[in-house]
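Here are the chains, one letter per residue:
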Amino acid sequence: MTSVPVIQPLPVHVAIIMDGNGRWAKERHQPRLFGHKAGAESVREVVETAREVGIRHLTLYAFSTENWQRPGLEVKGLMALLKSYLKSELATMKKNGIRLGCFGQKERLPDDVQATLDHCIAETVDSTGMRLNLSLSYGSRAEMLGAMQEIGRKCATGQLRPEAIDEQLFSEHLYSAGQPDPDLLIRTSGEQRLSNFLLWQLSYAELYFTETRWPDFRREQFLEALQVFVSRQRRFGKTGEQV
Ligand code: IPE
Ligand code: IPE
Ligand code: MG
């Protein structure tokens, strides 16, 4: 049994852009799906480590609205992998008190994946431990437009006054409703961009970029990212002396 390090202050919510599966596979002269499979192992390990150290919310970018443009075979392979991941992890999630959620256009996922996802979400709805949010067919702009449309409808029917629209109300119309904004965003594999991920919610997140490809991002690398977070001074607009 490995010891659980004490990390202080611990981010309450960590979001991760899991990037680099394809390049990891290419470097090994393997098909891209080989990288995605290895990446699923990293998901297992990072979820387990996050839970162990006491993170309350973990949001993983697994498939973006833009990723539908990838070759059909890759999309198919990713969907199959997602389904098998959910099936194999359900018992562990339940045992560990993890509550699963989905950020994204669930209705665009294949029927069998949707059914498995819904089953896992329903089976873990009463869990009181870490919230695990899988971002699937997720795009931040689409999410915000959906929120605006819903708010607009409420105003049109007189349910809501435009003056009542504030940050909290807007947040409550996003997939992340009821959950705090991420404190830390991790992106693996060298790219330094947000790729349409949580644009509203990441307003004040600490950003951590690493060259490590996602399949190589395991417990040790995750703990290293958390230690870097600990070393950051978050000022939220105030001076260093004020915080
Ligand atoms: C991340 O790895 C996984 C998904 C986007 C589904 P990539 O597949 O983007 O890997 P690279 O960026 O091509 O290396
Ligand atoms: C972002 O990765 C989406 C996920 C990790 C699921 P991409 O590899 O699709 O991002 P871009 O297109 O290179 O920015
Ligand atoms: Mg990529």
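Quick notes on the rules
Residues numbered from 1 in each chain as written. Chains lettered and ligands numbered in written order. Predicted model: local features only at pLDDT ≥ 70, side-chain atom pairs only at ≥ 80, totals over all residues. Heavy atoms only, no water. Salt bridge = Lys/Arg side-chain N within 4 Å of Asp/Glu carboxyl O. Helix = DSSP H or I, 4+ residues; strand = E, 2+ residues; numbered from the N terminus. Buried < 20%, exposed > 50% of the residue type's maximum accessible area, 1.4 Å probe, protein only. Pairing = 2+ DSSP bridges. Axes fitted to C-alpha atoms, helices over the stretch in contact; angles between N-to-C directions. Contact = heavy atoms within 4.5 Å. Near = heavy atom within 4 Å. Polar contact = N/O pair within 3.5 Å; in protein donor to acceptor, adjacent residues only side chain to side chain. Areas by Shrake-Rupley, 256 points an atom, 1.4 Å probe, with all protein chains shown as cover.

Peer 1: Please clarify how the pattern of salt bridges should be interpreted in this entry.
Peer 2: Pairing of side chains with opposite charge becomes possible as their charged atoms draw close. Going through the model one piece at a time under the given rule, you end up with 20 salt bridges. Where R218 meets E45, a salt bridge forms, and the shortest distance between an N and an O atom there is 3.7 Å. Within this pair, whereas R218 is found in the loop between strand 6 (206-209) and helix 7 (219-231), its partner E45 is found in helix 2 (residues 32-53), the two being separated by 173 residues in sequence. R218 sits in the partly exposed class, given a relative accessible area of 24%. For K154, the salt bridge identified is with E150, shortest N-O distance 3.8 Å. With K154 and E150 both in helix 5 (residues 140-156) and 4 residues apart, the pair spans about one turn of that helix. Through salt bridges with shared partners, a single ionic network connects D19, R23, R187 and E191.

Peer 1: Looking at this model, I keep getting lost on the sheet that holds strand 6. Mind explaining?
Peer 2: Strand pairing within a sheet occurs via backbone hydrogen bonds; the two strands may be parallel or antiparallel. One open sheet accounts for 6 strands, arranged 3-4-2-1-5-6; its pairing is parallel. Unpaired on one side and paired on the other, strand 3 (99-103) and strand 6 mark the two borders of the sheet. Pairwise comparison of adjacent strand axes, ignoring direction, gives a mean angle of 20 degrees for this sheet. As defined by bridge partners, strand 3 adjoins strand 4 (residues 131-138) across 5 bridges and the pair is classed as parallel. When the bridges of strand 4 are listed, L100 appears paired with L132. Against the sheet, helix 2 makes contact with strand 1 (13-17), strand 2 (57-64) and strand 4, and its axis sits at roughly 160 degrees relative to strand 2, the strand it touches most. The strands touched by helix 4 (residues 111-123) within the sheet are strand 3 and strand 4, with strand 3 carrying the most contacts at an inclination of about 135 degrees.

Peer 1: Which parts of the structure should I look at to understand the site of ligand 1?
Peer 2: In the neighbourhood of ligand 1, the contacting residues comprise M18, D19, G20, N21, G22, R23, R32, H36, A62, N67, R70 and L78. With respect to ligand 1, the side chain of R23 contributes an N or O atom lying 2.7 Å from an oxygen atom. Contact between ligand 1 and R32: an oxygen atom at 2.8 Å from a side-chain N or O atom of the residue. Considering ligand 1 on its own, with 380 Å² of exposed area, one finds that the protein chains cover 87% of that surface. Those elements that place two or more of their residues in the shell around ligand 1 are helix 1 (21-27) and helix 2.

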